[in-house]
Structure formats: structure tokens, C-alpha cells
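Each chain, written out:
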Amino acid sequence: NNCNYINSRECDLGSVNSIRSFVSSLQAKEDKVDVLVNNAGVMKCRKMATSDGIETQLGTNHMGPLLLTTLMRPSLAAGEAVGESVEMPRVGKEL
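What comes next concerns the included structure.

Things to note about the packing of helix α1 (residues 16–29) against helix α2 (residues 56–78)
So, step 1. The contact between α1 and α2 brings their axes to 10 Å, and the two run at 20 degrees. Taken together, α1 and α2 sit at an angle that is classed as roughly parallel. Judged by the twist between their axes, the crossing of α1 over α2 is right-handed. Together, V16, I19, R20, F22, V23, L26 and Q27 of α1 and G64, L67, L68, L71, M72, P74 and S75 of α2 make up the contact between the two elements.

Concerning the side chain of S15
So, step 1. Assignment of secondary structure puts S15 in the segment before α1.
So, step 2. For S15, the contacting residues outside a window of four places in its chain are S51 and D52.

Structural notes on α2
So, step 1. Over its 23 residues, α2 extends 32 Å from the first C-alpha to the last, a length consistent with the 33 Å expected when each residue adds 1.5 Å.
So, step 2. Within α2, the axis deviates most sharply at M72, by approximately 55 degrees, and proline P74 lies no more than four positions further along.
So, step 3. Every buried residue belonging to α2 is among T56, G59, T60, G64, P65, L67, L68, T69, T70, M72, S75 and L76, and all of these are buried.
So, step 4. Where α2 is buried, its residues meet α1.
So, step 5. The N-cap residue of α2 is E55: its side-chain oxygen and the backbone nitrogen of Q57 are 3.2 Å apart.

Digging into the pattern of salt bridges
So, step 1. Enumeration according to the criterion identifies two salt bridges in this entry.
So, step 2. Measuring nitrogen to oxygen at the nearest pair gives 3.6 Å for the salt bridge that ties E30 to R9. In this pair, E30 is assigned in the loop between α1 and α2 and R9 in the segment before α1, connecting sequence segments 21 residues apart.
So, step 3. On the basis of relative accessibility, which here comes to 27%, the residue E30 falls in the partly exposed class.
So, step 4. Taking the relative accessible area as the measure of exposure, R9 reaches 33% and is therefore partly exposed.

Points about the environment of Q27
So, step 1. By the secondary structure assignment, Q27 is in helix α1.
So, step 2. Note: C-alpha distance between Q27 and S75 (48 residues apart in sequence) is 7.2 Å.
So, step 3. Beyond its immediate chain neighbours, meaning those up to four positions away, Q27 contacts L71, M72, P74 and S75.

Basis of the calculations
Residues numbered from 1 in each chain as written. Predicted model: local features only at pLDDT ≥ 70, side-chain atom pairs only at ≥ 80, totals over all residues. Heavy atoms only, no water. Axes fitted to C-alpha atoms, helices over the stretch in contact; angles between N-to-C directions. Helix = DSSP H or I, 4+ residues; strand = E, 2+ residues; numbered from the N terminus. Parallel < 35°, antiparallel > 145°, perpendicular 65-115°, else oblique. Left-handed = near helix turned anticlockwise from the far one by under 90°. Contact = heavy atoms within 4.5 Å. Expected span 1.5 Å × (residues − 1). Bend = angle between axes of the 7 residues up to and from the residue. Buried < 20%, exposed > 50% of the residue type's maximum accessible area, 1.4 Å probe, protein only. Polar contact = N/O pair within 3.5 Å; in protein donor to acceptor, adjacent residues only side chain to side chain. Salt bridge = Lys/Arg side-chain N within 4 Å of Asp/Glu carboxyl O.

In C-alpha cells, the structure reads:
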């Protein structure tokens with residue numbers, strides 16, 4: 001990868017372990033994150049559950065991004081969103 005400004009890493013938003021591992025790995029390598037784009041989801045999937053027992057669409061589209069954003073708060077707060085005011089919702093401590 002020759003781009004020093006955009007990084008892409010794999011994270012399964014349907015898995016709490018994957019999200020926690022992703023954030024831990026990212027924060028070990030980067031001291032800040034300027035932008036987080038939660039742009040993933042599933043739709044009209046057959047009745048299934050995530051590895052954590054949450055209905056797949058709810059877990060992947062809502063709970064996963066909520067946990068990811070919550071864990072990324074320190075890195076996002078240290079970053080610089082260019083030309084934008086970034087507000088992060090208040091969320092519970094435990095997920």
C-alpha cells in the first residue's frame with residue numbers, strides 16, 4: 001500500500017472478539033484516527049445469529065458499529081476531522 005493517508009483493515013462487525021481485536025491492533029499502531037466510516041451492513045439475511053448470539057442484522061448493522069465507535073472514541077478524539085465538527089454519542093460503558 002503506497003497511500004500514507006488511508007488505511008483499510010478487516011473487522012467482522014458481527015463479532016465482539018473481532019471488533020476488540022481490530023481496535024486493539026489499530027490503537028497499538030496508530031496514535032490517532034481522523035475519520036471512522038461505519039459503512040457496512042447486511043440486509044434481508046436468513047434467520048441467523050452472530051457468533052455472540054445476537055440476531056445477525058441487529059448485531060452487524062447496529063451493535064457492532066456501536067461497539068466499534070465506542071472503543072474508538074479515544075483515537076477519534078485525538079484525531080483531526082478536517083472541516084467537520086465530530087460529535088460522538090454517549091453510550092453505555094459495557095457492551
